[in-house]
Every structure is written in structure tokens, then in C-alpha cells.
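So you can see what is in the structure, the chains are spelled out below.
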Amino acid sequence: MCLAVPGKIMSIDDSGGELMKIGKVNFGGIIKDVNLAYTPEAKVGEYVIVHVGFALNTVDEAEAAKVFEYLREIDGLDELTGEEKQG
Amino acid sequence: MDSSLHSELILQCPIPISDYPKVLLAHGGGGKLMHNLIEKMFSVAFSNDILKQEHDSAQIELTGNKIAFTTDSYVVKPIFFPGGDIGSLAVNGTVNDLSMSGAIPKYLSIGLIIEEGFEMSKLWLVVQSIASAAKDAGVKIATGDTKVVDNGKGDGIFINTSGIGIIEHSLSISPKNIQTGDVIIMNGDIGRHGIAIMAEREGLEFEHRIESDCAPLNEIVQNIISAGINVHCLRDLTRGGLSSTLNELASSALKEIVIEETSVPVHEDVQGACEILGFDPMYVANEGKFIAIVPEADSKKCLAIMSSHKFGEGSAIIGRVVSGNEAIVKLKSRIGTMRILDMLSGEQLPRIC
Amino acid sequence: MKFIDEYRDKDASMRYSELIHNITTKSWNIMEVCGGQTHAIVKYGIDELLPKSIRLIHGPGCPVCVTSLELIDKSIEIASREDVIFCSFGDMLRVPGSKKDLLQVKAEGGDVRIMYSPLDALKIAKDNPLKEVVFFAVGFETTAPANAMAVYQAKEQGIKNFLILVSHVLVPPAIEAILSSKNNLVQGFLAAGHVCAVMGYNEYFPLAEKYKVPIVVTGFEPVDILQGIYMCVKQLEEGRHEVENQYVRVVSREGNLTAQNIVSTVFKIGTRKWRGIGEIPDSGLVLQDDYIEYDASLKFGLADLVVEEPKECISGQILQGIKKPNECEAFGKICTPERPLGATMVSSEGACAAYYRYRKI
């Protein structure tokens with residue numbers, strides 16, 4: 001439950017109060033209005049994950065890279081192990 | 001007919017809005033009001049030598065070996081959408097059906113079924129759109145008919161167009177001619193029309209407007225044929241998306257088709273819209289898009305010809321016809337796995353799940 | 001698209017597939033809870049990339065699928081009323097009720113509208129003061145914050161003609177129901193990433209401990225799912241049963257407290273009937289007393305409606321992972337996407353529909 005898409009905040013309009021804070025969020029070129037009530041800390045330029053018109057959380061760029069860092073670590077270990085075996 | 005009306009570029013609705021702001025039953029009744037509509041609106045917009053004959057049937061002289069003949073009806077909602085309307089769709093759709101046999105489209109008939117109460121100003125916009133699309137496609141409106149139905153029985157306006165084209169080539173362009181080893185080429189990116197319609201219909205506002213790619217394909221097809229490409233099959237993509245078209249062809253030809261997901265062009269904004277709505281671009285409706293199935297030896301040249309036409313921007317080889325035991329379409333996913341690309345049942349609806 | 005495309009990377013997917021093969025020595029059954037994960041697994045053929053000894057069981061992670069037949073019938077009853085504008089997410093329109101679905105109600109003249117967001121329904125209520133506007137509030141915890149906000153705003157703004165038909169379900173009770181069932185085959189779980197984005201994953205520790213199963217909070221793209229499966233298999237092979245988080249870029253342990261606050265202001269936990277499974281206590285959300293005036297079921301006098309389910313449909317067993325779609329007598333024959341018997345076929349996330357559309361080669 002499930003369909004939430006990451007998009008980049010282009011601008012924020014908080015004239016409607018905290019619970020009706022609206023951001024213009026860019027999804028690959030498509031811009032949609034998104035309710036930012038649940039991501040009060042989110043800033044312009046940050047990415048949020050959006051479900052049914054609401055941002056549920058910001059996307060943490062540093063954490064996002066971990067999926068690939070893990071693979072690089074494993075590959076590094078494999079190389080090391082390979083060298084030791086050859087050596 | 002008043003010649004001064006004919007000579008100026010008509011920007012204003014020729015039926016006085018103050019008198020008839022909406023279409024009445026009488027406008028389809030065969031009497032004075034209908035003749036007024038035909039004279040002042042249709043004949044003026046579609047003006048040509050055939051229409052001027054003013055017979056019950058148009059008399060046409062045709063050249064060529066064979067004639068291609070097709071018909072289609074258009075009931076699209078909304079009537080006006082980014083990049084087009086029911087009028088331009090009605091012309092291009094039929095022009096394209098003719099083009100898919102390699103025929104040169106020549107004449108169209110227009111049958112209008114208008115709901116009583118339909119705004120006259122909207123009718124005028126649709127009529128102008130038909131005229132403009134016909135001009136761009138190089139076809140003449142040879143004959144037509146108008147009916148008006150009771151309010152509540154017609155959903156605005158329905159259009160039927162039938163078309164005649166002449167076939168001057170001697171190729172056999174048909175699914176039965178598809179061979180193992182053939183290459184499948186698309187004339188650009190998929191999904192624009194469906195997303196444009198969905199956005200308009202559901203009131204989804206995308207700041208960056210996605211427009212329908214509705215367009216006439218006769219010229220680009222003639223370029224392919226006159227370059228001597230041995231075209232085995234042509235098919236335009238419509239409601240069920242690329243997937244439906246491929247499945248229909250695989251079924252008719254009794255062949256296996258394999259498509260590479262990463263080769264199918266999808267524009268980033270269409271992709272973005274599909275992600276938000278939960279749509280698969282392979283199933284989104286298209287207009288102005290077709291696939292050419294040609295032998296491997298002709299594929300590079302065909303691709304070049306298609307790419308150099310304005311309605312072929314972004315053309316790409318998307319897959320091949322392979323040897324196999326059954327009529328099936330398979331997709332090689334972007335992560336390298338294979339799956340069956342089935343027909344969709346029903347329309348895709350925006351999802352949250 | 002950033003944060004999507006890189007998680008559909010072929011090399012990374014293949015690498016995780018290789019890692020899974022390297023560490024797998026036994027057979028394991030893993031359940032992915034969320035329909036979106038099922039969709040990705042079937043669409044990208046992820047089970048093709050796994051050792052044959054790893055079986056993925058598609059769980060009841062589709063709130064559309066598990067919405068009880070009763071609630072569907074209630075929605076149809078309400079949508080058929082002349083004074084009602086019925087608003088729903090697109091997913092619900094083709095879910096079969098006892099006699100018809102919402103799409104048919106629409107075809108027969110009912111004012112049924114597809115919404116992208118529940119706030120759009122609230123706007124319709126404001127613009128149509130003479131009509132009752134009812135929103136079909138379906139979803140797991142992921143959608144609860146949005147639905148809660150709509151009701152919260154309705155009260156704040158004094159909008160009296162807005163109602164919701166509540167069908168919210170909660171994931172941890174469903175997982176517990178599966179684990180405690182005597183037919184249970186599931187040895188490890190991929191928890192629903194977006195549910196956890198809202199709720200965090202504290203609730204899963206007691207479950208992992210009590211039933212000795214690893215639970216990995218997982219995302220929705222192929223690389224996410226493969227990494228989630230890898231983490232789960234690693235735990236199983238090493239005899240561990242912990243809660244881990246694969247979807248670190250979006251999920252934190254505590255979740256989104258602002259969202260949880262609004263949800264608990266508007267909703268409270270209650271009993272819910274799950275289609276194909278039955279009643280699970282404390283597994284759903286109902287409106288708090290302060291917001292009870294927004295309950296469509298009460299307003300239209302449908303609170304006592306009870307409906308039984310068709311005998312041929314085994315979607316309950318499919319949802320629990322006991323049977324696969326192609327093991328159902330009706331699958332592909334009297335039950336197809338065009339003529340579905342149960343929600344697992346009609347919902348594009350349903351295991352049966354996903355199987356039918358993307359079936360393996």
C-alpha cells in the first residue's frame with residue numbers, strides 16, 4: 001500500500017497554515033501540488049515521497065546511496081579475497 | 001453561397017450565436033435550419049470542388065491499382081483536449097488507418113451526430129478543426145451528413161469518418177506478411193495521447209502540459225514506401241496502447257514478438273505522469289504513432305527515413321519477430337528478465353495501491 | 001527519474017541476485033506483504049532471479065483486495081443514491097460486489113468520481129453543498145494520514161456534507177493473523193516500506209520475537225526488493241530473527257509522528273473484516289467519537305449489513321499464501337480479469353491479476 005513516488009520540491013506556499021502547506025513538486029517534468037503538512041521540515045530542493053497528494057517523508061540522499069555502497073563493499077571484499085587466494 | 005463570406009478567414013462563428021447559441025433538433029431536421037448550418041458552416045469550412053457538386057452522393061474519379069476504404073467512429077471524452085479535439089482525431093484517425101495499408105488518403109466523409117443543446121460555438125471549433133486537419137493531411141471532405149438527437153441521448157457530439165485512399169504500390173502490407181527475423185520500428189515516444197486525455201478528463205493538473213500527439217501519418221508512410229523499403233506490415237497504435245497492437249499482430253501473424261523495455265521510447269514527463277497515476281506506459285493510448293515491421297536488411301534505412309520526418313522524431317527499433325511456437329508477445333525487462341506482455345482488459349484507472 | 005531509475009538498475013539487480021544465490025543453502029518461504037511489492041516482483045520477474053528453493057508468497061498487502069464484500073456492497077448502495085456524489089480511488093471501481101461493481105453503478109448513472117487525493121473529494125463537497133459527498137477511505141496505514149486530514153479539515157472548516165466510508169486496515173495484525181494460523185508456511189517477511197514510512201517499525205519487534213521470524217522493511221523497486229530478500233535470507237540462513245530496515249532512504253524507526261498524530265486524532269483502532277480471511281480484532285481503523293458524524297455507513301443506516309462470499313473464490317487462501325493463483329479451479333476459466341470473482345483478480349495488485357498479466361515463461 002504502496003504507490004508513493006519521489007519528487008523534488010520546487011516551491012512552497014504556506015499561506016494556508018501548517019496543515020494546508022502546499023508544495024509544487026516535480027516528478028520527472030510533471031509538476032503537481034502536494035500537501036506538505038506531514039513534512040514540515042521539508043525545504044525547496046529536497047525530495048519527498050508522495051502518496052495520494054501528500055508528502056509522507058523526505059528522501060534521505062545519504063541513506064539512498066547505501067543500497068549501492070553495500071554492493072561496492074562486497075565487491076571490494078571479493079577482490080581482496082581473490083588477491084589473497086592468488087597470492 | 002455568399003462569396004464575401006467565403007473569401008475572408010472565418011474567425012467568428014458563422015451561425016449567429018445570439019440567434020442560435022445551441023444546436024436544436026431542427027438543425028438536423030432537413031429543413032431551413034439544417035440547410036443554413038450546411039451552407040454557412042460546413043460548406044464554407046470544407047469548401048472543395050467535390051462538395052460543390054451538391055449531389056446526394058459525391059462523384060469521384062480515382063486512379064491507382066487498388067482502393068483502400070475504411071471507417072471509424074469517434075466518441076472521445078473530453079471533446080477538447082491538449083493537442084487536439086474530436087475533430088482532428090476523426091480526420092487523423094481515418095487518414096492513419098488508410099495510411100497503414102500504404103494507401104494515399106484522398107477523400108473523407110463526415111457523419112455528425114450532435115446532441116440537442118450542444119453549444120454552437122463548440123460545434124464551430126470542431127468543424128474548423130476538421131477542416132484544418134483535412135488540409136494538413138491533404139484530404140478533401142467529399143460528403144457528409146448531420147443528425148441531431150434529443151438532449152440526453154448523445155453526449156455532446158459523435159463523429160463518424162469513412163475514408164478512401166488509393167494504393168499505388170505493389171507491396172503486400174499485412175500481418176500475414178510478417179516474417180521471423182523482421183525488425184519492429186516505432187516512430188517516437190509512447191503514451192502522450194492517453195495521458196493528455198486522462199489529465200483533462202480527471203482534472204489532473206500538470207503544470208507542464210502533456211499534449212496529444214494526434215497527427216496524420218500518410219506522408220511519413222509514403223516516404224518509407226517510395227524509398228523502396230520492403231514493408232511487411234504497418235499498424236498504428238490506438239486505445240489499448242503499444243501492448244495491444246503488438247498482441248493483435250502476433251495473433252494475426254501467428255508469430256512470437258520480443259520487445260526490449262529499454263528500447264521503447266517514453267518521454268520523461270509521460271513517465272512521471274505514469275508513475276504518479278500508477279500506469280504502465282505500454283498500455284496507455286496513443287495517436288499519431290505507428291510501428292513499421294520490415295526485414296532486417298531494410299531496418300537501418302527505414303529507421304533513418306522515419307527519424308527524419310517531423311512525425312518520426314525519436315523513432316527507434318523496439319524489438320524483433322523471433323522464431324517461436326506460439327503467437328505471443330514477450331518483454332525483456334530493464335533488469336534482463338523476460339515476461340509475457342499481455343493485452344489489458346478494460347481501461348487503466350489511476351491507482352493508489 | 002531520480003530515486004526511481006537507479007533502483008531499477010540491471011547490474012545492481014543482478015549483483016543482489018548473485019549474492020542471494022551464494023548464501024542460500026536451504027528452502028525458505030518469504031512473504032512480501034505489500035501489493036506494490038507483488039506488482040514489482042511479477043512485473044520485473046524477480047522470482048526468476050532467485051534460487052528455486054526460495055519461494056515468494058504474495059501476502060494480503062492489497063487493501064483493495066481485502067476490503068470486505070460487505071463494504072463493497074455498502075459502497076454500491078451509497079453510490080447509487082441520487083443525492084450522493086461518490087468519490088473513490090480508481091483501484092476500487094472494478095472490485096466486484098455481490099451483484100455489481102462501482103463502475104457499473106457509474107454506467108447506470110450514479111455520480112461516481114475517481115479521485116487522486118481525498119482532499120479533492122473535500123473540495124467537491126464544498127462546491128456541491130446540496131449533495132452528500134462520500135469518500136471511500138480505503139488503505140493501509142500509508143493512506144490513513146491523507147484520509148484523516150480530509151476529515152480533520154472537514155471538521156475545521158465546518159463542512160457538513162462530507163462523509164467517509166471507512167475501510168482502513170492495519171498491517172501488523174494481519175501479519176500476526178498469518179503467523180498464528182495453523183496453516184502458516186511463512187518463515188520471513190518483507191514489510192511494506194510505505195506503511196513503515198508513516199508508522200515506523202517499532203511494532204514489528206514483538207512479532208519477530210514471538211514468532212521467531214525475520215522482518216525486513218523493504219522498498220518497491222527491483223533493487224530494493226532484491227536487497228530486502230537478500231537481508232531476509234541472510235537472517236534465515238544465520239538463524240536470526242530480527243527487524244531490519246532496507247528502505248533506509250524513506251523509513252525511520254519512529255516513522256512520521258506528525259502523521260501518526262493526525263491519524264490518531266481522527267481514527268481509533270477497531271475490528272475489521274478482511275475479505276477472504278475473516279474478522280481480525282484490532283486490525284482496522286474506525287472514526288473516533290468526535291468525528292463519528294462523518295461516518296457514511298452510520299449516516300446511511302448500513303451499519304448492520306452482512307454479506308457472505310462466493311464459494312468458488314479462494315482468494316482468502318491466496319492472500320494467506322496457502323495456495324497460488326494457478327492452483328485455483330476457477331483461475332483463467334470462470335475467473336479472469338474481465339470477469340473476476342474476487343478482488344485478487346480484479347485489483348491490479350491482486351496476486352491473481354498479477355499472475356494472469358505477467359505470468360512467468
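Anything mentioned here points back to the structure above.
No experiment lies behind these values; they were computed from the predicted model shown. Within each chain, residue numbers correspond to sequence positions counted from 1 in written order. Each chain takes a letter, starting from A, and each ligand takes a number, starting from 1, following the order in which they are written. Totals for whole chains, interfaces and linings use every residue, but because this is a predicted model, local features are given only for residues with pLDDT of at least 70 and side-chain atom pairs only at 80 or more, for both listing and counting. Only hydrogens and water are removed before side-chain values are computed, so all heavy atoms of the structure are retained for them.

Caption draft 1: Focus on the overall build of chain A. In this text, helices come from DSSP runs of H or I with a minimum length of four residues, and strands from runs of E with a minimum of two, each type numbered from the N-terminal end. Scanning chain A from terminus to terminus reveals two helices and five strands. Beginning at the N terminus, the succession of helices and strands in chain A can be written as β-β-β-β-β-α-α. Throughout, radius of gyration means the C-alpha value; the globule benchmark is 2.2 Å times the number of residues raised to the power 0.38. What you see for chain A is a C-alpha radius of gyration of 19 Å, clearly larger than the 12 Å of a compact globule of 87 residues, by over 25%. Overall size of chain A, expressed as C-alpha extent along the three principal axes, is 70 × 25 × 20 Å. Note on classification: 1.4 Å probe, protein chains only; a residue is buried when its accessible area is under 20% of the maximum for its type, exposed when over 50%, partly exposed between these limits. Counting only residues that meet the buried cut, chain A has 47% of its 87 residues in that class. We call two residues in contact whenever any of their non-hydrogen atoms come within 4.5 Å of each other. Here the analysis covers contacts within chain A between residues at least 6 apart in sequence; of these, 29% occur between residues at least 24 apart. When the accessible surface of chain A is totalled, it reaches about 4200 Å², and 50% of it is carbon and sulfur. Between the centroid of the 8 positive side chains of chain A and the centroid of its 16 negative side chains there is a distance of 7 Å. Per-residue and other accessible areas were derived by the Shrake-Rupley procedure at a 1.4 Å probe size, with only the shown protein chains allowed to occlude residues. As used throughout, the charge tally considers Lys and Arg to be positive and Asp and Glu to be negative, leaving His and the chain termini uncounted. Here the site of a charge means atom NZ of a Lys, CZ of an Arg, CG of an Asp or CD of a Glu.

Caption draft 2: Representation of the overall build of chain C. Assigned secondary structure in chain C consists of 16 helices and eleven strands. Its C-alpha radius of gyration of 20 Å places chain C within 12% of the 21 Å reference for a compact globule of 361 residues. The buried share of chain C, taken over its 361 residues, is 64%. Side-chain charges in chain C split into 40 positive and 46 negative, and the spacing between the mean points of these groups amounts to 3 Å.

Caption draft 3: Spatial organisation of the state of the cysteines. Note on disulfides: each one is a pair of cysteine sulfur atoms within 2.5 Å. Taken as a whole and judged by the stated rule, the model has zero disulfides over all chains. Unpaired in terms of disulfides, B:Cys214 finds its nearest cysteine sulfur in B:Cys274, a separation of 19 Å.

Caption draft 4: The arrangement of the nonpolar core in detail. Residues belong to one nonpolar core when they are buried, are Ala, Val, Leu, Ile, Met, Phe, Trp, Tyr or Cys, and are joined through side-chain atoms within 4.5 Å. In this structure, C:Phe86, C:Phe162, C:Phe189, C:Tyr204 and C:Ile229 are the most contacted members of the largest nonpolar core, which totals 141 residues. Ranked by residues supplied to this core, first place goes to helix α11 (residues 222-237) of chain C with nine residues. In this structure, B:Ile15, B:Leu37, B:Leu89 and B:Ala134 belong to the second largest nonpolar core, which totals 38 residues.

Caption draft 5: The packing of helix α5 (residues 192-201) of chain B against helix α8 (residues 268-277) of chain B, seen in detail. Residues and elements named next belong to chain B. At a minimum axis distance of 10 Å, the contact between α5 and α8 shows a crossing angle of 55°. Comparing their axes, α8 and α5 come out oblique. Crossing handedness for the pair α5 and α8: left-handed. Contact residues: Arg 192, Ile 195 and Met 198 in α5; Asp 269, Val 270, Ala 273, Cys 274 and Leu 277 in α8. Gly counts as polar in this scheme, as do all residues outside two lists: the nonpolar Ala, Val, Leu, Ile, Met, Phe, Trp, Tyr, Cys and Pro, and the charged Asp, Glu, Lys and Arg. Of the residues belonging to the contact of α5 with α8, the class tally is six nonpolar, no polar and two charged. Axis geometry follows a simple rule: fit a line to the C-alpha atoms, using only the stretch in contact for helices, then measure angles between N-to-C directions, giving values from 0 to 180 degrees. Orientation labels follow simple angle bins: below 35 degrees gives roughly parallel, above 145 gives roughly antiparallel, 65 to 115 gives roughly perpendicular, and whatever is left gives oblique. Each helix crossing is assigned a hand: it is left-handed if the near helix lies turned anticlockwise from the far helix by less than a right angle, otherwise right-handed if that turn is clockwise.

Caption draft 6: The arrangement of the sheet that holds strand β4 (residues 112-114) of chain C in detail. Residues and elements named next belong to chain C. Strands sit in the order β4-β3-β5-β6 across an open sheet of four strands; the sheet is parallel. The two strands at the open ends of the sheet, each matched to only one other strand, are β4 and β6 (162-168). Across the sheet, the mean angle from the axis of one strand to that of its neighbour is 25°, orientation sign disregarded. Strand pairing follows a simple DSSP-based rule, namely that at least 2 bridges must link the two strands. As defined by bridge partners, strand β3 (residues 84-88) adjoins strand β5 (residues 132-139) across four bridges and the pair is classed as parallel.

Caption draft 7: Examining the pairing of strand β8 (residues 215-218) of chain C more closely. Residues and elements named next belong to chain C. Going residue by residue along β8, you find Ile 215 and Val 217 tucked away on one face and Val 216 and Thr 218 tucked away on the opposite face as well. Sheet topology note: the strand β7 (residues 188-192)/β8 ladder contains four bridges and is parallel. When the bridges of β8 are listed, Phe 189 appears paired with Ile 215. Consider the strands pointing away from the viewer: the crossover is right-handed when the path from the first strand over the helix to the second runs clockwise. Between β8 and its parallel partner strand β9 (residues 243-245), the chain crosses via α11, and the hand of that crossover is left-handed.

Caption draft 8: The sheet that holds β9(C), seen in detail. Residues and elements named next belong to chain C. As summarised here, the arrangement of the five strands in space is β2-β1-β7-β8-β9, forming an open sheet in which the pairing is parallel. Two strands bound the open sheet, and with one partner strand each, they are β2 (54-58) and β9. Averaged over all adjacent pairs, the angle separating strand axes in this sheet is 25°, with direction ignored.

Caption draft 9: Here's a closer look at the pattern of salt bridges. Throughout this description, the term salt bridge denotes a Lys or Arg side-chain nitrogen within 4 Å of a carboxyl oxygen of Asp or Glu. For the coordinates displayed, the defined rule picks out 33 salt bridges over all chains. Note that B:Asp145 and B:Lys147 form a salt bridge whose closest N and O atoms lie 3.0 Å from each other. Through salt bridges with shared partners, a single network forms among C:Lys234, C:Glu238, C:Arg240 and C:Glu242.

Caption draft 10: Region of interest: the packing of aromatic side chains. Residues and elements named next belong to chain C. Stacked, tilted and edge-to-face are the three classes applied to pairs of Phe, Tyr and Trp rings, where Trp contributes its six-membered ring and a pair requires centres within 6.5 Å; stacked means planes under 30 degrees apart, edge-to-face means over 60, and tilted covers the rest. Per the counting criterion, the structure on display carries 15 aromatic pairs over all chains. Each ring, one from Phe 86 and one from Phe 136, has its centre 5.8 Å from the other, and the planes form 65°; the classification is edge-to-face. Remark: Phe 136 occurs in strand β5 and Phe 86 occurs in strand β3; sequence separation between them is 50 residues. Residue classification places Phe 136 among the buried residues on the basis of a relative accessible area of 0%.

Caption draft 11: Highlighting the interface of chain C and chain B. Taken together, the contacts link 37 residues of chain C with 30 residues of chain B. Where chain C abuts chain B, roughly 3000 Å² becomes buried across the two surfaces, and 60% of that area is made up of carbon and sulfur atoms. Linking chain C to chain B there are one salt bridge. Across the pair B:Glu275 and C:Arg8 runs a salt bridge, and its minimum N-O distance is 3.0 Å. Those elements giving two or more residues to the side of chain C that touches chain B turn out to be α1 (10-23), α2 (35-43), α3 (63-66) and α16 (351-358) of chain C. Class assignment for the residues of the side of chain C that touches chain B results in 20 nonpolar, six polar and eleven charged. By convention, the term buried area covers the 1.4 Å-probe accessible surface removed from two parts as they join, with the contributions of both added.

Caption draft 12: Broad picture of the interface of chain A and chain C. Chain A puts 38 residues into the contact, and the matching count from chain C is 48 residues. Across the chain A-chain C interface, the total number found is two salt bridges. C:Lys2 is the partner of A:Glu61 in a salt bridge, and the nearest nitrogen-oxygen pair spans 3.0 Å. In protein, a polar contact means a hydrogen-donor-capable atom and an acceptor-capable atom, both N or O and within 3.5 Å, with residues adjacent in sequence counting only if both atoms are side-chain atoms; elsewhere, any N or O pair within 3.5 Å suffices. Put simply, chain A and chain C have 13 residue pairs in polar contact (both at pLDDT 80 or more) between them. Mapped by element, the contributors of at least two residues to the side of chain A that touches chain C are β1 (5-13), β3 (30-35), β4 (47-51), β5 (54-58), α1 (61-64) and α2 (66-86) of chain A. Looking at which element gives the most residues to the side of chain A that touches chain C, the answer is α2(A), with eight residues.

Caption draft 13: Seen up close, a nonpolar patch on the surface. All names here are of chain B. On the surface, Leu 62, Ile 67 and Phe 69 cluster together to form a nonpolar patch covering roughly 320 Å² of accessible area. Checked against the element boundaries, Phe 69 lands in strand β1 (residues 66-74). Accessibility expressed as a relative area gives 66% for Phe 69, which makes it exposed. Within the patch definition used here, like charges are joined within 9 Å and nonpolar side chains (Val, Leu, Ile, Met, Phe, Trp, Tyr) within 5 Å, considering only residues with over 30% relative accessible area and no salt bridge.

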